[in-house]
Amino acid sequence: MTAPAENSYIEKVHASPTAALLDPTGAIGHAYGAKTTPDMYVIDPSGKLIYSGAIDDHPTDDPSDIPHSKNYVSAALAAAMSGQQVAVTYTRPYGCSVKYQGD
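These lines cover the structure that appears in this document, whether it is placed above or below. Since we're looking at a predicted model, the values are computed, not measured.

### A word on the side chain of S69
And then number 1: Inspection of the secondary structure assignment puts S69 in the loop between β3 (49–53) and α3 (72–81).
And then number 2: At a separation of 2.7 Å, a polar atom in the side chain of S69 contacts the side chain of H58.
And then number 3: When sequence neighbours within four positions are dropped, the list of residues in contact with S69 reads D56, D57 and H58.

### Points about the layout of surface pockets
And then number 1: Of the volumes computed, that of the largest pocket is approximately 1500 Å³.
And then number 2: At the level of secondary structure, the elements contributing two or more residues to the lining of the largest pocket comprise α1 (3–12), α2 (27–32), β1 (36–37), β2 (40–43) and α3.
And then number 3: A total of five residues in the lining of the largest pocket trace back to one element, the largest contributor, which is α3.
And then number 4: Per-class residue counts for the lining of the largest pocket are 28 nonpolar, 10 polar and five charged.
And then number 5: A volume near 220 Å³ is recorded for the second largest pocket.
And then number 6: Around the second largest pocket sit P38, M40, I55, D56, I66, S69, K70 and N71, which together line it.

### Section: α1
And then number 1: The distance from a side-chain oxygen at the start of α1 to the backbone nitrogen of A5 is 3.1 Å, and the residue carrying that oxygen is T2.
And then number 2: Immediately downstream of α1, the backbone of H14 shows phi near 60 degrees, a positive value.

### Quick word on the packing of aromatic side chains
Centre-to-centre distance and the angle between the planes together describe a pair of aromatic rings.
And then number 1: Under the defined criterion, the tally for this structure stands at two aromatic pairs.
And then number 2: A centroid spacing of 5.4 Å and a plane angle of 45 degrees characterise the contact between Y32 and Y41, whose relative ring orientation is tilted.
And then number 3: On the accessibility criterion, Y32 (34% relative accessible area) is partly exposed.
And then number 4: Classification of Y41 by relative accessible area gives partly exposed; the value is 25%.
And then number 5: An angle of 25 degrees between the planes, with centres 6.2 Å apart, marks the rings of Y51 and Y72 as stacked. Remark: Y72 occurs in helix α3 and Y51 occurs in strand β3; sequence separation between them is 21 residues. In terms of burial, Y51 and Y72 fall into one category: buried.

The rules behind the values
- Residues numbered from 1 in each chain as written.
- Predicted model: local features only at pLDDT ≥ 70, side-chain atom pairs only at ≥ 80, totals over all residues.
- Heavy atoms only, no water.
- Helix = DSSP H or I, 4+ residues; strand = E, 2+ residues; numbered from the N terminus.
- Polar contact = N/O pair within 3.5 Å; in protein donor to acceptor, adjacent residues only side chain to side chain.
- Contact = heavy atoms within 4.5 Å.
- 1 Å grid on protein atoms, 1.4 Å probe; cavity = no way out; pocket = protein on both sides within 12 Å on 5 of 7 lines; lining within 4 Å.
- Points joined across faces, edges and corners; volume = space filled by probe spheres on them.
- Nonpolar A, V, L, I, M, F, W, Y, C, P; charged D, E, K, R; others polar.
- Phe/Tyr/Trp six-rings, centres within 6.5 Å; stacked < 30°, edge-to-face > 60°.
- Buried < 20%, exposed > 50% of the residue type's maximum accessible area, 1.4 Å probe, protein only.

Here's what the structure looks like:
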């Protein structure tokens, strides 16, 4: 997907990310060992990986599960931004396997 197409899609679905990272060659995905989508990463300002894994503790796509889920990414961000250690630094990601170019 091109950057303009991604921006159009984000607007269409009324999403509000602070950024979207496109990795058409898979260089970044390979660097972090991404194997599933989604596979979430929280990286501190120094470039240190402080969390990787699932977005939450409910491996489902049912929106009704969201209010009852522990969001690992939000917890990692909150801890890091308050100067605390991230309690859970890794969870097993769930989702579809990443299809890298040339694989």
